[in-house]
Protein chains: 2
Amino acid sequence: MSANPIYLGVIGVGGVGNAFLSQLSRLPNAPKLVLLARSTQTLLSPAPAYSPSIPAGDWKCAAEAPSLTKSGPLSPDDIASYLSSAPGRSILVDNTSDPTLASSYPVFLRKGISIVTPNKKAFSSDLGLWKDIFATAAQGKALVYHESTVGAGLPVISSLKDLVATGDEVTRIEGVFSGTLSFLFNTFAPVSAGGPGAKWSEVVAKAKELGYTEPDPRDDLNGMDVARKLTILARIAGLEVQSPESFPIESLIPKELASVPSTAAGIEEFMKRLPEFDGQMTEIKEKAEKEGKVVRYVGSVDVGKKEVRVGLQYFDKDSAIAGLKGSDNIINFYTKRYGTNPLIVQGAGAGGDVTAMGVTADLLKVVERLH
Amino acid sequence: MSANPIYLGVIGVGGVGNAFLSQLSRLPNAPKLVLLARSTQTLLSPAPAYSPSIPAGDWKCAAEAPSLTKSGPLSPDDIASYLSSAPGRSILVDNTSDPTLASSYPVFLRKGISIVTPNKKAFSSDLGLWKDIFATAAQGKALVYHESTVGAGLPVISSLKDLVATGDEVTRIEGVFSGTLSFLFNTFAPVSAGGPGAKWSEVVAKAKELGYTEPDPRDDLNGMDVARKLTILARIAGLEVQSPESFPIESLIPKELASVPSTAAGIEEFMKRLPEFDGQMTEIKEKAEKEGKVVRYVGSVDVGKKEVRVGLQYFDKDSAIAGLKGSDNIINFYTKRYGTNPLIVQGAGAGGDVTAMGVTADLLKVVERLH
């Protein structure tokens, strides 16, 4: 618990990156920001003093300051060398979704650089990378925190790790893990439905308009983002999931539209042809209603059966999952200690500010442990 | 992140204490248990070696072992001296609800002994004690973790602290904070009520039979336990709450029965006379129903208005609070970043195993930070 300065490298200045830098600039006793990289440029505090540091809240102006070093994009190896040569402990915050950077985490960790990130790629790709990351971290030279990889700032990863570390037996995890799919189904099949309601394609178009979907909505509808989150949770719960392709994912993209290209024109074509498939979704919705239920797109892990599933499922109207609002996420942890009623975490699971909050909270925990 | 041994003193072997010792005994790399105190006896590893340590899972047999020192009850000062003389960092786990021990936390912290506890007393009594504890901890010699003081093992304290530390603005906290009162109202005024349902006194008697209430149910019905939890949350959110008596608490004990003594005979008299007041509770329930709502016993903090309230309130039937099941707790955090829909944590908020889980998880975090 000394007060030696800690050196911080941050990569990515998109929605989450900017929100994070804004939160960082308001922290008392923040670590010293000495590297800030975006795709086209890297800003560095000059070595060997690693001083002056980069003002987190004002990095755009600081980019013009002659006291800082400017460089083109640096390789992960270069960044790791720069941070590990700092005159103190260092932390890398990866606010990108870059798989190449993610695959270099073990390099950083071996050099004693801790990792804080909302980037799912490292934790949800090949199992070998996951094992390499956590085996390296277990050697005790550096830490890895990634709360915002699932449910943004909601206490999901930390709660699951606490359950496991204290010896509880997690039997099942079930929830709605995509803000986009939450909004789509809460709107398409609300609990208190009066009349026929909106058509599926209309709801997708509305979500796209509101900016709730990826530029190509098929990047939400394919379920891959949910599958990556489930891969992470299943692995923490102890399952050796090889990759997010190693279990069934129910895609909501009609087969006929899967091969339409992901160009601007292709996306337009996709949206135009989506109404042809409204009948299929209405059928699913009405079948649920006949059973007094509603349909939701969920992910689940059955730890005992070693089963991970991502897709549509029916829920009782008075269940917590059915009652979800807006674009909220909900995560139910069923465990031996908690018994019949699960431990539930619920709230916004996407968005720059709340995702950045998870990153900032993780950063504070790493700083506390390094001090 | 060295691996020097950490020395652990544990006080209390009741429901939570026993569950904690059982969890502790299964931890890999657990700190060394060198002091175990209950009201009548203290078991110690002999100084100056502080070895052998006490087997956490088997302390009852170990109490007979000649290699350990036995003593009568020790004062907080004696315990602090013993732990601070250990050849390494030390932690006190207080699994009692003892106010005297709680008032000594600053003594422990000044001597560099970290505190982990589910004991609400230190954090919900006079504001001076709260300030003394956190000012002492801020000097950086020792840590204080108390997740299980609110909602047992649910991530309540940690989530609120993360929100505050990362600069979010918490505007309101609202929830059901008592497992007993949750059960009473979920049973007395369920969302899907058919017919007149059970009388209030019958529900209280049933809860008492099931062991869901304190031996004297008035210790639940007076709202004091909820008020203590709200005091803790309000203080973390930044309000200077002087004591749990400094805001309105709606007691569910009929005035006429408040002075009946808390002896076995008195408790019997209380339960016998409670039906006389069923009419009042039925009236409240029916008034809620006329508005299409249900009545619940909640605590709330309005941070802007600096208001803390504990008592009965009506909720829409489709709200998360109305839909609570069994004896679950629910905590809603309304913040600037989370917007309209709160961050919600829900699940069992009482019971030995889940309370001990919060204590064990805190202990692991303290060990990580001390290493």
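By the naming in an unreviewed UniProt entry, chain A is Homoserine dehydrogenase, taken from Aspergillus sclerotialis. A UniProt comment under Cofactor (unreviewed entry) is attached to chain A, and it reads "a metal cation".

Participant: Run through empty space enclosed by the protein, naming residues and quoting values.
Facilitator: Residues and elements named next belong to chain A. The full count for this structure, using the stated rule, is three cavities of 30 Å³ or more. By volume, the largest cavity amounts to about 50 Å³. For the largest cavity, the full set of lining residues is Val13, Leu36, Ala37, Arg38, Gln41, Leu43, Trp59 and Ala63. Split by residue class, the lining of the largest cavity holds six nonpolar, one polar and one charged. Put simply, the second largest cavity is a space of about 40 Å³.

Participant: Give me the packing of aromatic side chains: which residues, what numbers.
Facilitator: Here a ring pair, both rings aromatic, is described through the centre-centre distance and the interplanar angle of the planes. Applying the stated criterion to the full structure yields 18 aromatic pairs over all chains. A centroid spacing of 6.1 Å and a plane angle of 70° characterise the contact between B:Tyr7 and B:Tyr50, whose relative ring orientation is edge-to-face. Residue B:Tyr7 is located in strand β1 (residues 7-11), and its partner B:Tyr50 is located in the loop between β3 (42-44) and α2 (59-62); the two are separated by 43 residues in the primary sequence. Accessibility expressed as a relative area gives 4% for B:Tyr7, which makes it buried. Arranged with centres 5.3 Å apart and planes meeting at 75°, the rings of B:Phe188 and B:Trp200 form a pair that is edge-to-face. Of this pair, B:Phe188 sits in helix α9 (residues 179-188) while B:Trp200 sits in helix α10 (residues 200-209), and the two are 12 residues apart along the sequence. The burial state of B:Phe188 is the same as that of B:Trp200; both residues are buried. Each member of the aromatic cluster is reached from another via a ring pair, and the members are A:Tyr105, A:Phe123, A:Trp130 and A:Phe134. One cation-aromatic arrangement involves B:Lys285 over B:Phe188; the distance from NZ or CZ to the ring centre is 4.4 Å.

Participant: Hey, could you go over the environment of B:Ser259 for me, with residue numbers and the actual values?
Facilitator: Residue and element names in this part refer to chain B. Looking at the secondary structure, you find serine 259 in the loop between α12 (224-236) and α13 (264-273). Residue serine 259 is classed as exposed on the basis of its relative accessible area, which comes to 65%. C-alpha of serine 259 to C-alpha of phenylalanine 270: the two residues are 11 residues apart in sequence and 9.7 Å apart in space.

Participant: Can you tell me about the relation of the copies chain A and chain B, naming the residues and giving the values?
Facilitator: By a simple turn and slide, chain A fits onto chain B: the slide is 0.0 Å along the axis, the RMSD is 0.0 Å, and the turn is 180°. Taken together, these values place the two copies in the relation of a two-fold axis. Taken as a fraction of all interface residues of chain A, those also at the interface in chain B reach 100%, which identifies the copy contact as same-surface.

Rules behind the numbers
Every chain's residues receive numbers from 1 upward, in the order its sequence appears when written. Whichever chain is written first is A, and whichever ligand is written first is 1; the rest continue in order. Two thresholds apply to this predicted model, a pLDDT of at least 70 for residue-level local features and 80 or more for giving and counting side-chain atom pairs, whereas whole-chain, interface and lining totals are computed over all residues. The basis for every side-chain value is the complete set of non-hydrogen atoms in the structure, without hydrogens or water. UniProt positions are given in the numbering used here, feature names are shortened, and annotations may be inferred rather than shown by experiment. Only protein atoms enter the calculation, which uses a 1 Å grid: trapped sets of points that fit a 1.4 Å probe without letting it out are cavities, open sets showing protein on both sides within 12 Å along at least five of seven lines are pockets, and any residue with an atom within 4 Å of a point is a lining residue. Grid points are joined across faces, edges and corners, and a volume is the space filled by probe spheres set on the points. Think of it as three bins: nonpolar holds Ala, Val, Leu, Ile, Met, Phe, Trp, Tyr, Cys and Pro, charged holds Asp, Glu, Lys and Arg, and polar takes everything else, Gly as well. Aromatic rings from Phe, Tyr and Trp, with only the six-membered ring used for Trp, were paired whenever their centres fell within 6.5 Å, and each pair was classed as stacked if the ring planes differed by under 30 degrees, edge-to-face if by over 60, and tilted otherwise. Segments assigned H or I by DSSP are reported as helices when at least four residues long, segments assigned E as strands when at least two residues long, and all are numbered from the N terminus. Throughout, exposure labels follow a simple rule: accessible area from a 1.4 Å probe, protein chains only, divided by the maximum for the residue type, with under 20% read as buried, over 50% as exposed, and the rest as partly exposed. Sitting over a ring, as applied to charges here, requires NZ of Lys or CZ of Arg to be within 6 Å of the ring centre and within 35 degrees of the ring normal. In this comparison the copies share one frame, found by least squares on the C-alpha atoms of residues holding pLDDT of at least 70 in both. The contact definition used throughout considers only heavy atoms, calling two residues in contact when any of these lie within 4.5 Å.

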